[in-house]
Amino acid sequence: QVQLVESGGGLVQAGGSLRLSCAASGRTYRMAWFRQAPGKEREFVTSTTWSSGDTNYADSVKGRFTISRDNAKNTVYLQMNSLKPEDTALYYCAAKIRVLGNYNYWGQGTQVTVSS
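Residues numbered from 1 in each chain as written. Predicted model: local features only at pLDDT ≥ 70, side-chain atom pairs only at ≥ 80, totals over all residues. Heavy atoms only, no water.

Asks: Even after reading the chapter, I still don't get the state of the cysteines, so can you show me in this structure?
Replies: In a disulfide, the sulfur atoms of two cysteines are covalently bonded to one another. Evaluated as defined, the whole model comprises one disulfide. The side chain of C22 participates in a disulfide bridge whose partner is C93; the two sulfur atoms lie 2.0 Å from each other. Taking the sign of the S-S torsion, about -80° here, the bridge from C22 to C93 comes out left-handed. In this pair, C22 is assigned in strand 3 (residues 18-25) and C93 in strand 9 (residues 89-96), connecting sequence segments 71 residues apart. Among the residues examined, C22 registers a relative accessible area of 0% and is labelled buried. (Disulfide = S-S within 2.5 Å. Helix = DSSP H or I, 4+ residues; strand = E, 2+ residues; numbered from the N terminus. Buried < 20%, exposed > 50% of the residue type's maximum accessible area, 1.4 Å probe, protein only.)

Here it is as structure tokens:
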């Protein structure tokens, strides 16, 4: 089974930065970050593969957020810069084990709050 543990959330002022971490146990193919703001649906933020480092980003975070991975530590990171109040959400790490599979494994979530 795959287990995901996130850390690094917190409160930051607009324009500030935070880095989230997600430590994974078990073999996975692709790792992603999603977020869910109060009263809104969960939305995709970014993802990467362990092997090639292929990444993609939601338009709302392009140029501000960067996903990276440390294969030796089985950990992915989400560096968030130029944070905006609308980035406030519960951020989830997710994993899929197959190329065409769904994201079946989820972390517990870490809160990011950006004050104006």
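Asks: How should I be thinking about the nonpolar core in this particular structure?
Replies: Grouped together as the largest cluster of nonpolar side chains are 26 residues, with contacts concentrated most on L4, M31, W33, F65, L78, M80 and Y91. Contributions of two or more residues to this core are made by strand 3, strand 4 (30-36), strand 7 (65-70), strand 8 (75-80), strand 9 and strand 11 (110-115). When sequence neighbours within four positions are dropped, the list of residues in contact with Y91 reads E6, L20, W33, F34, R35, V45, F65, L78, M80, G109, T110 and V112. (Core = buried A, V, L, I, M, F, W, Y, C linked by side-chain atoms within 4.5 Å. Contact = heavy atoms within 4.5 Å.)

Asks: What's the story with the packing of aromatic side chains in this structure? I'm lost.
Replies: The geometry of an aromatic ring pair is captured by two quantities: the separation of the ring centres and the angle between the planes. Tallying each qualifying case throughout the model produces four aromatic pairs. On the numbers, 5.4 Å between centres and 75° between planes, the contact of F34 with Y103 is edge-to-face. Of this pair, F34 sits in strand 4 while Y103 sits in the loop between strand 9 and strand 10 (105-106); the two residues are 69 residues apart in sequence, bridging distant segments of the chain. A single burial state applies to F34 and to Y103, both of which are buried. Between Y92 and W106 the ring centres are 6.4 Å apart and the planes differ by 80°, which places this aromatic pair in the edge-to-face class. Linking Y92 in strand 9 with W106 in strand 10, this pair joins segments that are 14 residues apart in sequence. Judged by its relative accessible area of 16%, Y92 is buried. Owing to a relative accessible area of 29%, W106 belongs among the partly exposed residues under this scheme. The cationic tip of R42 hangs over the ring face of W106; the distance from NZ or CZ to the ring centre is 3.9 Å. Taking NZ or CZ as reference, K96 lies 4.8 Å from the ring centre of Y103, over its face. (Phe/Tyr/Trp six-rings, centres within 6.5 Å; stacked < 30°, edge-to-face > 60°. Lys NZ or Arg CZ within 6 Å of the ring centre and 35° of its normal.)

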